[in-house]
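# Survey of secondary and tertiary structure
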Amino acid sequence: MIPQLKEGHMNKHIWIIDDDPGILEVTQIILEEAGYQVTAINNEEVLNEKLQETLPDLILLDILLSGIEGPEISHRLKTSVQTQHIPIILMSANTSIEEKVQEALADDYIRKPFDIDVLEKIVKKYLKPTITNN
Amino acid sequence: MKINEYHSPLIEAIQQAVVITDLNGIITLWNEYAEKLYGWTTQEVLGKNIFDLNPPILTVKDAKKIVTKLTKGESFSGEFNIQNKTGEYIYIYVTDSAIKDEKGNFIGIVCIANDITERKKQDEMLQFLTHASKQLGSSLEYETTLKNLSNLVVPTLADWCSIDVIDEDGSIKQLSLSHIHANKIKFAKELRKNYPADLSIDSNIERVIKTGKSKLYSRISEKILDKTTPNKDALQVSKHMGLISIMIIPLIVRNKTRGAISFITTKESNRVYNKHDLQMAEEFARRAAFALENARLYRKAQLEIKERKKAEEKIKQLAAMVESSQDAIIGCDLHGIITTWNLGAEKLYGYKAKEAVGKHISFINPHDDPKQFETFTQKLLQGKQIEHYQTTRVNKKGHIIDVSVTVSPVKDDHNTIIGISSIARNISDHKKLEEELQESRDQLEVILQNVTDGITVLDPTGKLIFANDAAAKLIGFPNAIQLLEANTTYIIDRFDIMDEHGQLLDRKQLPSYKALQGEEEPEVIVKYIVKNTGEEMWSIIKSTPVFDEDNNVIFAINVFRDITEQKMREKRKDEFISIASHELKTPLTSIKAFTQLLDRYFKQKDDKQAIAYLTRMIGQVERLTNLVDDLLDVSKIQAGKFILNEEVFNFDEMINDMINEIQPTTDDHTILKKGSADVLVFADKYRVAQVLINLLTNAIKYSPKADQIIVHTSTTPDEVTVAVQDFGLGISADKQHKVFERFYRVEGKKRDSYPGLGLGLYISQQIMKRHNGKLWVESDEGKGSTFYFSLPITLRSRLVHDTSTQGGTYE
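Let us look at the structure shown here. (Residues numbered from 1 in each chain as written. Chains lettered and ligands numbered in written order. Predicted model: local features only at pLDDT ≥ 70, side-chain atom pairs only at ≥ 80, totals over all residues. Heavy atoms only, no water.)

### A short note on the overall build of chain B
Looking only at helices and strands, chain B features 25 helices and 28 strands. Residues counted as buried form 43% of the 811 residues belonging to chain B. Within chain B, counting contacts between residues at least 6 apart in sequence, those at least 24 apart form 55% of the total. Counting only carbon and sulfur atoms, one obtains 52% of the accessible surface of chain B, whose full area is about 46,000 Å². (Helix = DSSP H or I, 4+ residues; strand = E, 2+ residues; numbered from the N terminus. Buried < 20%, exposed > 50% of the residue type's maximum accessible area, 1.4 Å probe, protein only. Contact = heavy atoms within 4.5 Å. Areas by Shrake-Rupley, 256 points an atom, 1.4 Å probe, with all protein chains shown as cover.)

Below is the structure:
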């Protein structure tokens, strides 16, 4: 871990949306250790509540969320004026994910299972540290 | 002899032509009779040279002959046939004597001529008639007789000759027309038609035939022609023909005029007929008439004989036909008593003719209505027909025979029905065949109704003409009958019909429609959804057109099997694999992430033992992930849902990345890269990388004792090729093609097995196939293997120069 970066990331807020507690837990640990503020959300209801309160800087969204599919949520957020600026990264256990990314208007994707390095790298790509804001 | 003055009156009174000339031929005397005989007057010829007369009455050659004789002191006499002044031929008997002066000098010739024309003609006629009788009697053939007649008449008696007879209907028919010049027959025919009415040969012939009296036109002058010919053309023809004389004589046999023979002379012969000629002609005509009559009678007799023979033959043939017919032909009188019984009847019923004739017809049909014969008779008398009436008969052995009977009336000359003939054909075999056919049809029907496949048959208009119960049930009808009664459009409109991939099909795209157009297609999978219920069904359909001899479609047979159950099972399996791999990957994701976190933690603590264990763990997690991915890929390939996400990328970069990724997983091998492929390709980068990874991990796995793996890359303008070479176990030639099969796993020599599901190369080959690329192997057992794969460099990748394409991220 590089402490300076950790400092720089403290103000970035990431929402992780997945119905699996195990994934939510480990992802939260990885990203918090990388210096981000992380909120774990396990269903659409909670997501909708949170959206009333605040908006994140980035969303990690599982593609097969039970009840409603991830791409639909992504599409909804990306077509809403309030939320369309938020980068969305889809997560999927499926090997064919590219098509879904386009449908969902998401920014990028990551295959499960992932290397923690890769997760950190892709999140960093969309959340450039803003030292000036610090 | 000296001519004295007093001789003169004497000479004039002589009924002989007396002509005196000097030795030079100068005519010094020409008496009155000479005027009459030769045609020239005394005045015309006196003092002229006899050789100058035209036509000549004496030739120089004859004169020399005469003078020679007279010089010898002899006299000369002989017959001459000469032309008189008018050109008419005459016969003369001439006696020439020398005239001497007082001193006995030869000074002139006296020529005394008698007209012997009549006598000559009589002679000729007698001669001719003798010849004619002989000729006319020589043949009984009508045509020959006619020909003979014409030949006799022309040119001896006439220049042309026409023979006309009265036909059976009373009209006059020309039998023959001949002319000395065959090419003039045409004119002669025309002339007959157009000749002036009172002189018309036709009307004259008619008159002659009517009256039975001959007609003679001795001399026809051009004056008469001019006066009486109304038609210019006819006149021209008349003049052209140069008619001189005509005789028309009736042909009379047994006091009955049968026709007429016409003798006509023209300028060809210049002959003028007189009453002697007429007599002769009448004599000739009598003979000719008999000859013709004989010929006619002979011909008639011949014809009658011929006809009788023909009729007899016909009857014989008919009898033979009746006798040899396979059908039973029976004749009977109006009371039903059998009069004839042919061989066919003998065969069919088993009774000989002698047994049957005289019996009542009903003895062979006791099982029928006993009044059948009366019914038939009644019908026939009413003029009705009885054809192919199917009934039964009993033969001699008592067996019942199925027959088809045609009954006809037998009529006498007055068209009165005097009997009945019956023709019966044995149709027992036919019936049996029909029954067998029906039976086999029934069997087929039972088979068709009981197969589980749905079978329908459409006529060329698309109308359903056959369906089995299985088809009815598949289409949603309780049975085939109800389905067949339904409207085809109604049946089709109950469904949304789609192809295997869910694409809606219109009516023209349906297999049965294509079959009706004559297209024969392999079986196709069709998905259809019942509109009101939303129920999803699947079928495999095979539609086959059936053609007639002219290659027209006469119907289409559709065989369809319900595969809904199978499709649903497949769908559930796909869903299961998808869910299962997802469910497996979810804990795997946690395990992998936690393992890596732990790895970081121990690396910070520098706990080498823990790090070593964790590295092993990470490797195994990776393997588990790959296995799950492979299963997922195979299920996608099987379901036809393996989708490529193609993009343009730099091939060399991809290879370098992958080598860098794989190198850390082996401590024993060094991966060397040879050659370069610095080109852009348009492909699914993730999948191509997957192939390379698969080949590299295989190379590592199957060369445990080697320390090197070489990756060769090369390009041509059309393709890029990668070879991954190992120096390991190798694959025997007989197993090389098997390594690409699903679930195939290489066994080592000592039967030690290598881990894996045996899916890697199968998936890799599928990936290459989907890219229109290739994957193959070259190997020497014990020396190692080289796996090659090549990708086409497509136009698209050549067009893209910008390498900074958006790519996906690899795990």
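So, next bit.
### Let's talk about the overall build of chain A
Within chain A, the regular secondary structure consists of six helices and five strands. Along chain A, helices (α) and strands (β) appear in the sequence α-β-α-β-α-β-α-β-α-β-α when read from the amino end. Every one of the 134 residues in chain A was classed for burial, and the buried ones make up 51%. Sequence separation of at least 24 residues holds for 62% of the intrachain contacts in chain A that already meet a minimum separation of 6. Carbon and sulfur atoms make up 48% of the accessible area of chain A, which totals about 6,300 Å².

### Description of the sheet that holds strand E2 (residues 37-41) of chain A
Residue and element names in this part refer to chain A. Taken in spatial order, the five strands of this open sheet run E2-E1-E3-E4-E5, and their pairing is parallel. Each end of this open sheet is capped by a strand with a single partner; those strands are E2 and strand E5 (108-111). Each adjacent strand pair in this sheet contributes to an overall mean axis angle of 20 degrees, direction not counted. Alignment of strand E1 (residues 13-17) against strand E3 (residues 58-62), held across four bridges, turns out to be parallel. Among the inter-strand pairings, Ile14 is bridged to a residue of E3, identified as Leu58. Its contacts with the sheet put helix H4 (residues 70-78) on E3 and strand E4 (88-92), and the angle it makes with E3 is roughly 155 degrees. Set on the sheet, helix H6 (residues 116-126) makes contact with E1, E3, E4 and E5; between it and E5 the angle comes to about 170 degrees. (Pairing = 2+ DSSP bridges. Axes fitted to C-alpha atoms, helices over the stretch in contact; angles between N-to-C directions.)

### Digging into the interface of chain A and chain B
Between chain A and chain B, the residue contacts involve 29 residues of the former and 25 residues of the latter. Regarding the contact of chain A and chain B, the summed buried area is about 2,600 Å², with carbon and sulfur atoms giving 57% of it. Our count for the chain A to chain B interface comes out at three salt bridges. With a shortest N-O distance of 2.9 Å, Arg600(B) and Asp117(A) are connected by a salt bridge. At the surface where chain A touches chain B, the tally comes to five residue pairs in polar contact (both at pLDDT 80 or more). Among the secondary structure elements, those contributing two or more residues to the side of chain A that touches chain B are helix H2 (21-33), helix H5 (98-104), E5 and H6 of chain A. Sort the elements by how many residues they give to the side of chain A that touches chain B and H2(A) lands first, with seven residues. Tallied by class, residues from the side of chain A that touches chain B come to 13 nonpolar, four polar and 12 charged. (Buried area = accessible area lost by both parts, 1.4 Å probe. Salt bridge = Lys/Arg side-chain N within 4 Å of Asp/Glu carboxyl O. Polar contact = N/O pair within 3.5 Å; in protein donor to acceptor, adjacent residues only side chain to side chain. Nonpolar A, V, L, I, M, F, W, Y, C, P; charged D, E, K, R; others polar.)

### Some details on the environment of Gln372(B)
Residue and element names in this part refer to chain B. Within the fold, Gln372 resides in helix H14 (residues 372-381). Using a relative accessible area of 5% as the deciding quantity, one classes Gln372 as buried. Between the C-alpha atom of Gln372 and that of Ile361, which follows or precedes it by 11 residues, the distance is 10.0 Å. Not counting residues within four places of it along the chain, the set of residues in contact with Gln372 comprises Asn365, Tyr389, Thr391 and Arg393.

### Observations regarding the side chain of Asp652(B)
Residue and element names in this part refer to chain B. As for its position among the elements, Asp652 is in helix H22 (residues 651-662). According to the relative accessible area criterion, Asp652 is buried, its value standing at 9%. Discounting chain neighbours no more than four positions away, the residues touching Asp652 are Lys673, Ser676, Ala677, Asp678 and Thr713.

### Here we look at the sheet that holds strand E20 (residues 536-547) of chain B
Residue and element names in this part refer to chain B. Spatially, the six strands line up as an open sheet ordered E17-E16-E21-E20-E19-E18, and their pairing is antiparallel. Of all strands in the sheet, those with a lone pairing partner are strand E17 (464-467) and strand E18 (495-499), marking the two edges. Within the sheet, the average angular offset between the axes of one strand and its neighbour, ignoring direction, is 30 degrees. Taken together, the nine bridges between E20 and strand E21 (residues 553-562) define a ladder with antiparallel strand orientation. When the sheet's bridge partners are listed, Ser543 is paired in E21 with Asn558. On the sheet, helix H20 (residues 564-605) packs against strand E19 (524-530), E20 and E21 and is oriented at approximately 135 degrees with respect to E20.

### Considerations on the packing of aromatic side chains
Applying the stated rule across the entire model yields 12 aromatic pairs over all chains. Ring centres 5.2 Å apart and planes at 45 degrees place the aromatic pair Trp30(B) and Tyr38(B) in the tilted group. Residue classification places Tyr38(B) among the buried residues on the basis of a relative accessible area of 2%. What links up through ring pairs into an aromatic cluster is the set Trp341(B), Tyr349(B), Tyr351(B) and Phe363(B). For Arg111(A), the ring lying beneath its charged end belongs to Tyr686(B), and the centroid distance is 3.6 Å. Of note, Lys567(B) hangs over the ring of Trp538(B), and the distance from its end group to the ring centre comes to 4.7 Å. (Phe/Tyr/Trp six-rings, centres within 6.5 Å; stacked < 30°, edge-to-face > 60°. Lys NZ or Arg CZ within 6 Å of the ring centre and 35° of its normal.)

### A few points about the pattern of salt bridges
In the structure shown here, the tally under the stated rule is 23 salt bridges over all chains. Two residues, Lys352(B) and Glu346(B), come together in a salt bridge whose shortest N-O distance is 3.8 Å. Judged by relative accessible area, which is 17%, Glu346(B) ranks as buried. Through salt bridges with shared partners, a single ionic network connects Asp18(A), Asp62(A) and Lys112(A).

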